[in-house]
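Working through the structure, step by step
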Amino acid sequence: YIACNSGARIGLVDDLKPKFQIKFVDEASPSKGFEYLYLTDDVYKSLPEGAVNVEKVPEGWAIKDIIGTTEGIGVENLQGSGKIAGETSRAYDEIFTLSYVTGRSVGIGAYLVRLGQRIIQMKQGPMLLTGYGALNKLLGKEVYTSQDQLGGPQVMYPNGVSHEIVDDDQQGVQSIIQWLSFVPATTDAPPAVRESSDPVNRAVEWKPTPTPYDPRLMLSGTDDATGFFDKGSWKEYLDGWGKSVVIGRGRLGGIPMGAISVETRLVEKIIPADPADPNSREAILPQAGQVLFPDSSYKTAQALKDFNNEGLPVMIFANWRGFSGGSRDMSGEILKFGSMIVDALREYKHPIYIYFPPFGELRGGSWVVVDPAINEEKMTMFSDPEARGGILEPAGIVEIKFRLADQLKAMHRIDPQLMALDAELEGTDDTDKTSQEDIKEQIAAREELLKPVYLQAATEFADLHDKTGRMKAKGVIKEAVPWAESRKYFFYLAKRRIGQDNYVAQLKAADSSLDSASALAIISDMCTVDWDDNEAVLDFYASNDDKISAEISQLKTASIKAQIEALQKELGE
């Protein structure tokens with residue numbers, strides 16, 4: 001939808017303007033007001049039937065309602081606008097929708113582009129509900145000086161309404177084409193895969209670090225080190241809003257994918273001052289890295305809904321320490337927006353791959369909202385061997401489950417000097433208080449010396465519970481995938497899933513009694529290679545497509561026969 005409009009059309013019955021009269025309270029003093037507008041008898045009789053509703057008065061006919069004979073000058077336009085709004089909202093759920101705001105869009109025009117969700121906005125294309133002149137009249141003073149103050153890019157980009165800002169129409173059309181390149185031709189078509197010049201088997205060279213870094217480089221790479229996605233294919237959207245999360249689209253070996261990554265650096269959320277309130281001031285709110293805030297939670301959920309309607313598989317590079325639970329963010333509806341992530345994942349219809357990057361971590365509530373149990377059919381979790389996952393960070397666990405008393409026990413069990421002092425203390429006579437006190441002082445001094453290293457050991461002990469080995473053993477992740485090999489691994493997995501999900505859909509369509517698990521079991525039984533080897537299974541699908549299709553056809557025939565027999569039996573009874 002290429003938008004440039006002035007909202008719902010307004011109008012008056014111009015034919016009546018030169019024909020009505022005014023019944024003043026005092027004809028000699030019009031400033032006292034009037035009682036009604038009326039038409040003389042001759043004028044009323046000259047009007048088309050139904051043009052006005054009137055009642056008889058001494059002067060002629062008092063006008064009760066002006067209806068007119070021209071269509072499209074008032075409320076009927078609002079009715080039409082409501083119909084457009086409903087259709088646009090429905091279209092977002094049924095097809096791919098994208099709006100380009102090339103000029104001013106007012107009222108229903110602004111709502112329509114938002115109902116289509118995905119918005120590219122030109123710098124000279126404000127989105128408004130009310131013009132600045134009308135607002136100034138309402139406020140009784142000159143507060144706003146341009147439409148841009150109300151709906152320009154400086155407003156609509158930071159608040160997440162506009163996904164992308166462009167300088168001119170040429171750049172706008174280029175962005176439209178680029179966005180369309182990620183989308184399949186029809187809603188039920190597989191992803192729009194294309195050939196890629198970037199080898200899928202290459203290593204991912206740019207590696208995350210334990211210190212804060214730019215997560216975009218992990219996805220796009222740099223001139224010197226390649227990233228996860230095909231070179232030059234990564235495109236970020238919504239980067240003006242919810243800056244603690246990075247979302248965008250890229251290609252993996254030519255396969256279009258949505259991506260959600262996590263900002264590890266401190267970012268700032270700017271709340272502008274309200275020009276209508278002389279006491280308001282601009283506020284700058286710091287947001288820590290690896291934390292979900294209300295805006296970034298909403299952004300994550302919104303991105304998932306967009307990706308779902310675009311038919312995209314998704315990579316979630318999970319690296320969250322938790323949700324922001326301070327009073328400001330609790331009142332800012334963090335629970336509501338965090339829950340929306342679960343809703344979006346539960347409704348997702350395409351594969352979702354959650355991957356912990358190197359030195360990444362997923363903890364507490366932030367794990368819960370992306371756990372594959374939400375949508376087991378579509379979601380799978382993986383981790384780099386250097387990543388961590390758990391309820392609390394090791395330092396927090398130690399404060400609760402490996403306190404100082406436990407650390408002291410470990411000292412006395414492991415340290416030779418303390419063991420010797422304990423034995424010496426035990427061997428002293430209870431009457432020899434001086435010796436006992438001296439030994440106890442030596443023990444206390446030794447314990448104080450060892451406290452820092454044993455705290456580190458306790459923290460390491462807790463950390464060992466959060467490593468990939470335990471996650472794999474407990475079945476919460478499917479596989480430990482080294483970062484350097486992740487591009488190759490996820491390419492073959494994603495390509496396998498495209499073919500596999502297509503077979504599953506055909507089987508379920510052929511036999512309505514099948515669910516996804518039983519349909520997948522049929523394919524698994526046919527497979528003659530290692531089911532866990534994605535590349536081998538993909539080759540099997542390619543070389544045995546005719547055989548699998550024939551099996552699906554036979555199943556469909558058997559299912560139809562069974563239905564016919566059931567109907568005949570029912571009719572016979």
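The following refers to the structure shown.

Scoring rules and cut-offs
- Residues numbered from 1 in each chain as written.
- Predicted model: local features only at pLDDT ≥ 70, side-chain atom pairs only at ≥ 80, totals over all residues.
- Heavy atoms only, no water.
- Helix = DSSP H or I, 4+ residues; strand = E, 2+ residues; numbered from the N terminus.
- Buried < 20%, exposed > 50% of the residue type's maximum accessible area, 1.4 Å probe, protein only.
- Pairing = 2+ DSSP bridges.
- Axes fitted to C-alpha atoms, helices over the stretch in contact; angles between N-to-C directions.
- 1 Å grid on protein atoms, 1.4 Å probe; cavity = no way out; pocket = protein on both sides within 12 Å on 5 of 7 lines; lining within 4 Å.
- Points joined across faces, edges and corners; volume = space filled by probe spheres on them.
- Nonpolar A, V, L, I, M, F, W, Y, C, P; charged D, E, K, R; others polar.
- Core = buried A, V, L, I, M, F, W, Y, C linked by side-chain atoms within 4.5 Å.
- Contact = heavy atoms within 4.5 Å.
- Parallel < 35°, antiparallel > 145°, perpendicular 65-115°, else oblique.
- Salt bridge = Lys/Arg side-chain N within 4 Å of Asp/Glu carboxyl O.

One non-glycine residue, Leu238, adopts positive backbone phi at about 60°. Tracing the backbone shows Leu238 in the loop between β11 (235-237) and β12 (245-252).

Of all the 8 residues making up strand β13 (residues 255-262), 8 are buried; the element is thus mostly covered by neighbouring parts of the structure. Here β13 shows two buried faces, one formed by Ile255, Met257, Ala259 and Ser261 and the other by Pro256, Gly258, Ile260 and Val262. The pairing of β12 with β13 spans 8 bridges and is antiparallel. Paired with Gly250 across the bridge in β13 is Met257. The antiparallel hairpin formed by β12 and β13 contains 2 residues in its connecting segment, where Gly253 sits at a positive phi of about 60°.

One open sheet accounts for 4 strands, arranged β2-β3-β5-β4; its pairing is antiparallel. The sheet terminates laterally at β2 (21-24) and β4 (52-57), the two strands that pair on one side only. Going across the sheet, the axis of each strand differs from the next one's by a mean of 50°, ignoring polarity. With 4 bridges joining them, β2 and strand β3 (residues 34-39) adopt antiparallel strand pairing. Considered in β3, the bridge of Phe24 is made with Phe34.

On to the layout of surface pockets. With a probe scaled to a water molecule rolled over the atoms, the places where space remains empty come into view. A volume near 550 Å³ is recorded for the second largest pocket. Forming the walls of the second largest pocket are 22 residues, and the residues nearest its centre are Val155, Pro158, Asn159, Ile270 and Pro272. Elements represented by at least two residues in the lining of the second largest pocket include exactly α5 (148-151), α6 (153-156) and β14 (267-271). Per-element accounting of the lining of the second largest pocket gives the leading share, 4 residues, to β14. Across the lining of the second largest pocket, the residue classes tally to 11 nonpolar, 6 polar and 5 charged.

Attention now goes to the nonpolar core. Membership of the largest hydrophobic core comes to 44 residues, with the highest contact counts inside it found for Leu304, Ile316, Trp320 and Phe356. Excluding residues within four positions of it along the chain, Phe356 makes contact with Ala318, Leu362, Trp367, Met381, Phe382, Ser383, Asp384, Ala387, Arg388 and Met471. In this structure, Met218, Met315, Phe382 and Phe490 belong to the second largest nonpolar core, which totals 28 residues.

Contact pair helix α14 (residues 404-414) / helix α15 (residues 416-427): the axes reach a minimum separation of 5 Å and the direction vectors enclose 85°. What the angle tells us is that α14 and α15 run roughly perpendicular. Touching Met411, His412, Arg413 and Ile414 of α14 are Pro416, Leu418, Met419 and Asp422, all from α15. Residues that form the contact of α14 with α15 fall into these classes: 5 nonpolar, 1 polar and 2 charged.

The subject of this paragraph is the side chain of Ser383. As for its position among the elements, Ser383 is in strand β21 (residues 379-383). For Ser383, a relative accessible area of 0% translates into the label buried. When residues no more than four places from it in sequence are discounted, the contact partners of Ser383 are Tyr355, Phe356, Thr468, Met471, Ile477, Glu479, Ala480 and Val481.

To continue, consider the pattern of salt bridges. Side-chain pairs of opposite charge can arise whenever the charged atoms involved come near each other. Counted by the stated rule, this structure contains 30 salt bridges. Note that Glu310 and Arg249 form a salt bridge whose closest N and O atoms lie 2.8 Å from each other. Separated by 61 residues along the polypeptide, Glu310 in the loop between α9 (294-309) and β17 (314-317) and Arg249 in strand β12 bring together distant segments of the chain. For Glu310, a relative accessible area of 1% corresponds to the buried category. Residue classification places Arg249 among the buried residues on the basis of a relative accessible area of 0%. The partner of Asp463 in a salt bridge is Arg388, with the nearest N and O atoms 2.9 Å apart. Of this pair, Asp463 sits in helix α16 (residues 433-463) while Arg388 sits in strand β22 (residues 388-390), placing them 75 residues apart in sequence. If you follow the salt bridges from partner to partner, you end up with Asp214, Arg216, Glu236, Glu263 and Arg265 in one network.

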